[in-house]
Every structure is written in C-alpha cells, then in structure tokens.
Amino acid sequence: ERRELLLSTPCQLPPRNSIESLTLASPRYWGRSLLVRRRPDHAAALRQRVLWVKRKTGHLPYKQDAHGLSSIFCRPFGSAAAPRETSLSHFCSEPAIRAFAQHLCRRAAAPAATPAATALTASPDAVELHTFCDRLLYECLTQEKPDLVPAYLLLYHTALRLQRNRCAVGMR
C-alpha cells in the first residue's frame, strides 16, 4: 500500500526501506527530489542522512527565521525603518550586488560628504537613476535574477542616450 506523508522538518522519517521518494517543497529553499527506489545515488544520499539544499534569495537562514516571516517579501526593502544595506546584508552575500545597492540605490535625501556631491545626488537625473536602480534591485532579487542587473543598467543608459540624441537633433 502506498501512502503519502507530508512532514515539516525537523522530523523523524519512516524506515528507509519504506521510502519510495522524498521531495522538498519549501518557499525558502529550491525544490529537490530523491527517487530512492529508482536511483542508487539518491538512496545513498538518504543513507547519509544529509540533504544539501540551496536557499532562495530573499530568505533568511532557518536559525534566524524559523517561521519564514522575515523574508524580503515580508518587510519593507530599504525603507527608513530598515535601511537597504542592512536588509540586503541578510539576503545577499554577493559583493557586486551589495556595492550596486550602496552606490546606485541611495536615496536622494542621503547625506553627502561635500556640497558638490549633494548637488549631484539631488539632481533630477540622479534621483531618476536611483529610483530605477532601487526598483531594479528589488525586482532582480525577488525574481532570483541578480545576474540581470548589468543588462538592465545597459538598457537604461542606452534608452537615456537615445532620448538625449533625439532632443539634440530636434526630434521629439
């Protein structure tokens, strides 16, 4: 007789010889299936009692958030209450993404070191770029596509150049 069990970890599994397959279904981790009866390598993995999983971007480790209530989807991303650098450090360890957030996703009201830097960050073009980068970062992280950030930036700058060139030749 075949039975399907739905268990939440940590839990005790039934005897190994009665397990046909094991599937991980979690919003926090990428799905994984072990076909224990059909694949000897999967059966060996189950015998080791360790199942390696990969956490999705935007979710904290189990020890920090056992109930999954503090994911990137459950909190304001980069609000005044939770600055972007602080919230991003929990969800992403890639240096390039963190540098992108620090340098290109700043709020226009962020304090600047010099009056010239203040004027630069407060310009309409800078505010538009920071707003675009802010939305871009959130979208790429929530969709698990952080590698698309450079491509979107290239498209943004290409569209900006095209718009400026059209204005320079008198086209609207």
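Each value, and the rule that gives it
Counting restarts for each chain: residues are numbered from 1 in the order of the written sequence. Only residues with pLDDT of at least 70 get local features here, since the model is predicted, and only at 80 or more are side-chain atom pairs given and counted; chain-wide, interface and lining totals rely on the full set of residues. To get the side-chain values, take all heavy atoms of the structure and skip hydrogens and water. What makes a nonpolar core is a set of buried Ala, Val, Leu, Ile, Met, Phe, Trp, Tyr and Cys residues whose side-chain atoms join them at distances within 4.5 Å. A simple rule labels every residue: compare its accessible area, found with a 1.4 Å probe on the protein chains alone, to the largest value its type can have, and call it buried under 20%, exposed over 50%, or partly exposed in between. Numbering of helices and strands runs from the N terminus, with a helix taken as a DSSP run of H or I at least four residues long and a strand as a DSSP run of E at least two residues long. The contact criterion used throughout is that any non-hydrogen atoms of two residues lie within 4.5 Å. Multiplying one less than the number of residues by 1.5 Å gives the expected span of a helix. As a per-residue measure, pLDDT tells how confident the predictor is, with possible values from 0 to 100.

Core analysis: the largest hydrophobic core is formed by 14 residues, its most contacted members being Phe100, Cys133, Leu136, Leu137 and Val149. At six residues, helix H5 (residues 124-142) tops the list of elements feeding residues into this core. Ignoring any residue separated from it by four or fewer positions in sequence, one finds Phe100 in contact with Cys105, Cys133, Leu136, Leu137, Val149 and Leu153. Ranked by size, the runner-up nonpolar core spans five residues in total, among them Ile19, Leu34, Val36 and Leu46.

Let's shift gears to H5. If you check H5, its first and last C-alpha atoms are 27 Å apart, about what 19 residues at 1.5 Å a residue would give, namely 27 Å. Residues Ala126, Leu129, His130, Cys133, Asp134, Leu136, Leu137, Cys140, Leu141 and Thr142 constitute the buried set of H5. Remark: Glu144 follows H5 within two positions and exhibits a positive phi of approximately 60°.

Here we take up the confidence of the model for the protein. Low-pLDDT stretches of the model should not have their predicted coordinates read in fine detail. Model confidence for the protein is summarised by a mean pLDDT of 75, while 65% of its residues fall at 70 or above. Here helix H4 (residues 115-122) is the element of the protein with the lowest mean pLDDT, 53, and helix H1 (residues 40-47) is the one with the highest, 88.

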